[in-house]
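# Structural overview
Chain by chain, the residues:
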Amino acid sequence: MTRWPDIPDGTILSLRRRANNGKRQQWVIASGVNDLIVRHSRLKGGSWHDSGAGDHCKDLADALRRIPGLRVLQRGFISEYTVDSASWEPAVLVSRLQIPAGESAENPDDWPAEMADEWADSDDALAEWAPQLPWVPRWATVNGIRVSGIDVGRYVQPVLADENQERLVPIRVIARSGSHSESCGTGVSWAGGNTLSLLAPGLGYSHPWGDSTESDDCADQFLDLPDRPAQLGRRLAEWVIDTHCEVAAALALEPLDVDGTLDDEERRAWKKALAEVPLSLDVQTDADVLKPLRENLTLLSDLYRRTRDSLAWPGRDEGRVLAQSLGDGPVNGAVSRLASGDWGP
């Protein structure tokens, strides 16, 4: 078989693509003087033919936008990308790729067996560790990590799937909730929660982790994530409520003792209890999103409002009851009562 052309030093992105009819193409993107240069080669008659001087693009996003061959993952092709992670993380590149509407899954019968077997085994592995996801297989990799497609409703989204860690690789994690409990001093007997990640611009992926994967109340979900801070804050508030982590949210986001009524010993006790609470919510977003998140949680959730007020005025009856519940620690039953708000009159 004719070997691929060498990838030159300084390459920012390359793509080697082969078709099930044996045709092969290669793209290489490297830095020019003030822009990027895209060079395209095709295998014809047993030798490689270069496109010449190449196309000039201002950045990687511009190259993908202007050159469909770089961004579209069609059935009947194997696409192997490499990208300089200092320029773009692999998950960012995958988020910019496209799968044509209406195309079915890759069919191993369309390929020679010696090429199809490995990819078909990879498809089976994805379906085994995430059978709940509506896979639409595409045969592609970025930096050696598998890329496939998932039907998210209105379209099929390319995703980066780490088969070794059995997870989808997002652009970033936006929020992660968690809780843990113990049984009779034997150590942690239950730990789980939910993670909300950004898979592609405007597309979020919510999924349970740990023991929550066994719960009927937790399921994988794809959801729209608006760009505007106010709308994103409301969407995150809805996610917090949908995943039943309002108490954890209030404990993480709201201030303690707004009127300064606690003495030093009481404040130390509260801070110790809050540091050791078996509920958590980590929100990784900007301050202009946190503000509408808190406002919408206050508007939409009685439980969030109640927890917020108990923190704000810890000397009131409700605050003292919350403090007692926090002091129960990560004991089975006590954690679920704390999370559900069953800690006061």
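Residues numbered from 1 in each chain as written. Predicted model: local features only at pLDDT ≥ 70, side-chain atom pairs only at ≥ 80, totals over all residues. Heavy atoms only, no water.

This part is about the packing of aromatic side chains. Tallied over the full model, the rule gives five aromatic pairs. Judged by centre distance (5.9 Å) and plane angle (15°), the rings of Trp-119 and Trp-139 are stacked. Separated by 20 residues along the polypeptide, Trp-119 in helix α4 (residues 113-129) and Trp-139 in strand β7 (residues 139-142) bring together distant segments of the chain. Assessed through its relative accessible area of 1%, Trp-139 is described here as buried. Where Trp-129 meets Trp-135, the ring centres are 6.1 Å apart and the plane angle is 75°; that geometry is what we call edge-to-face. Judged by relative accessible area, Trp-135 falls into the buried class, the value being 16%. These aromatic residues form a ring-pair network of at least three members: Trp-111, Trp-119 and Trp-139. In this structure, Arg-306 is placed above the aromatic ring of Trp-343, and the distance from its NZ or CZ to the ring centre is 4.0 Å. Looking at Arg-316, its charged tip hangs above the ring of Trp-313, at a distance of 4.5 Å from the centre. (Phe/Tyr/Trp six-rings, centres within 6.5 Å; stacked < 30°, edge-to-face > 60°. Helix = DSSP H or I, 4+ residues; strand = E, 2+ residues; numbered from the N terminus. Buried < 20%, exposed > 50% of the residue type's maximum accessible area, 1.4 Å probe, protein only. Lys NZ or Arg CZ within 6 Å of the ring centre and 35° of its normal.)

A few words on a negative patch on the surface. Together, Glu-114, Asp-117, Glu-118, Asp-121, Asp-124, Glu-128 and Glu-166 line one region of the surface with negative charge. Along the chain, the position of Glu-128 falls in helix α4. (Patch = residues over 30% accessible without salt bridge, like charges linked within 9 Å, V, L, I, M, F, W, Y side chains within 5 Å. Areas by Shrake-Rupley, 256 points an atom, 1.4 Å probe, with all protein chains shown as cover. Salt bridge = Lys/Arg side-chain N within 4 Å of Asp/Glu carboxyl O. Lys, Arg positive; Asp, Glu negative; His and termini not counted. Charge placed at Lys NZ, Arg CZ, Asp CG, Glu CD.)

Looking at the protein chain, pLDDT values average 91 and 97% of them are 70 or higher. Ranking the helices and strands of the protein chain by mean pLDDT puts β7 first, with 98, and helix α11 (residues 334-340) last, with 86. (pLDDT = per-residue confidence, 0-100.)

This paragraph deals with the side chain of Ser-122. Along the polypeptide, Ser-122 turns up in helix α4. Note on Ser-122: relative accessible area 10%, which makes it buried. Discounting chain neighbours no more than four positions away, the residues touching Ser-122 are Arg-146 and Glu-163. (Contact = heavy atoms within 4.5 Å.)

As a further point, take unusual backbone geometry. For His-244, which is not glycine, the phi dihedral falls at a positive 60°. Position of His-244 among the secondary structure elements: in the loop between α5 (229-242) and α6 (246-253).

A word on the pairing of strand β1 (residues 11-19). Two faces, one strand: in a regular strand the side chains alternate between the faces of the sheet. Within β1, eight of the nine residues are buried, leaving the element largely enclosed by the surrounding structure. Relative to strand β2 (residues 24-31), β1 is paired through seven bridges, and the arrangement is antiparallel. Residue pairing across strands places Arg-17 opposite Gln-25, the latter belonging to β2. Between β1 and β2, which pair antiparallel and follow one another directly, the connecting turn spans four residues, one of which, Gly-22, has a positive phi of 95°. Here β1 pairs with strand β6 (residues 77-83) via seven bridges, running antiparallel. The partner of Arg-18 across the bridge, within β6, is Ile-78. (Pairing = 2+ DSSP bridges.)

Let's shift gears to the pattern of salt bridges. Taken as a whole and assessed by the stated rule, the structure comprises 18 salt bridges. Close ionic contact of Arg-235 with Glu-238 constitutes a salt bridge, the shortest N to O distance being 3.1 Å. Pair noted here: Arg-235 and Glu-238 are both in helix α5, with a separation of three residues, about one helical turn. Classification of Arg-235 as buried rests on a relative accessible area of 18%. Given the relative accessible area of 27%, Glu-238 is considered partly exposed. Here the residues in one salt-bridge network are Asp-62, Arg-65 and Arg-66, joined through shared partners.

We now examine the side chain of Ser-148. Mapped onto the fold, Ser-148 is located in strand β8 (residues 145-151). Here Arg-138 takes part through its backbone nitrogen, which lies 3.3 Å from a polar atom of the side chain of Ser-148. If sequence neighbours within four positions are ignored, Ser-148 has contacts with Leu-126, Trp-135, Val-136, Pro-137, Arg-138, Gln-157, Pro-158 and Val-159. (Polar contact = N/O pair within 3.5 Å; in protein donor to acceptor, adjacent residues only side chain to side chain.)

It is worth spelling out the environment of Ser-148 at this point. What makes Ser-148 buried here is its relative accessible area of 1%. Considering only alpha carbons, one finds Ser-148 and Ile-37, 111 residues apart in sequence, at a separation of 28 Å.

Viewed as axis vectors pointing N to C, α6 and helix α9 (residues 302-312) meet at an angle of 35°, and their least axial separation amounts to 8 Å. The interaxial crossing formed by α6 with α9 has right-handed handedness. Of the residues in α9, those touching α6 at Glu-246, Val-247, Ala-249, Ala-250, Leu-251 and Leu-253 are Leu-303, Tyr-304, Thr-307, Arg-308 and Leu-311. The residue inventory of the contact of α6 with α9, partitioned by class, reads eight nonpolar, one polar and two charged. (Axes fitted to C-alpha atoms, helices over the stretch in contact; angles between N-to-C directions. Left-handed = near helix turned anticlockwise from the far one by under 90°. Nonpolar A, V, L, I, M, F, W, Y, C, P; charged D, E, K, R; others polar.)

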